[in-house]
Amino acid sequence: MASGGKLLLRVLLGALILLHGIAKLKTGVGPVAGMLTEHGVPGEMAYLVYVGEVAAPLMMIAGVWTRLAGLVVAVNMIVAISLAHVPQLAQLNEQGGWAIELQAMYLGSALAVMLLGAGRFSAGGALGRWN
């Protein structure tokens, strides 16, 4: 059962983050580059979003280097929250929930994948430090 839960968590999180990456593949990283330059970070760093929203989710879904993929997605979410959602950190939405509950759920789920690993239903198997 535990490996089934890990499979569900990593595939669901990987698929949801991958959709954001696919959108950026279609539209480009211009908006991300703009936010980075506003914060004094070189705009070229925006291309790292492809690592956090395409490569890492694919690794997570397949179950290869899963713990590393979880870490990369978590760092990606921390950067996204710090660039686009800081004003919402202390706000509630119209339904009374936290304004960044989705981003927080992605971050928490990525950290859980990093801590739990892939489980036995993965291309990398349950063995190995990074899986």
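Shown above is the structure to which this text applies.
## Some remarks on the nonpolar core
Counting 14 residues, the largest nonpolar core has L13, I17, M60, V73 and M77 as the members making the most contacts within it. Only helix 1 (2–27), helix 3 (49–62), helix 4 (66–84) and helix 5 (101–116) provide two or more residues apiece to this core. If one sorts the elements of this core by residue count, helix 4 sits on top with 5 residues. Once residues within four sequence positions are removed from consideration, V73 is found in contact with I17, G52, A56, P57, M60 and A110. In terms of nonpolar packing, the next biggest core, distinct from the first, is built from 7 residues, V29, V32, L36 and A46 among them.

## Here we look at the packing of aromatic side chains
What the rule picks out here adds up to 1 aromatic pair. Pairing Y47 with Y50 gives two aromatic rings, centres 6.2 Å apart and planes at 45°, and the pair type is tilted. On the accessibility criterion, Y47 (51% relative accessible area) is exposed. Take Y50: its relative accessible area is 21%, and that puts it in the partly exposed class.

Conventions we followed
Residues numbered from 1 in each chain as written. Predicted model: local features only at pLDDT ≥ 70, side-chain atom pairs only at ≥ 80, totals over all residues. Heavy atoms only, no water. Core = buried A, V, L, I, M, F, W, Y, C linked by side-chain atoms within 4.5 Å. Buried < 20%, exposed > 50% of the residue type's maximum accessible area, 1.4 Å probe, protein only. Helix = DSSP H or I, 4+ residues; strand = E, 2+ residues; numbered from the N terminus. Contact = heavy atoms within 4.5 Å. Phe/Tyr/Trp six-rings, centres within 6.5 Å; stacked < 30°, edge-to-face > 60°.

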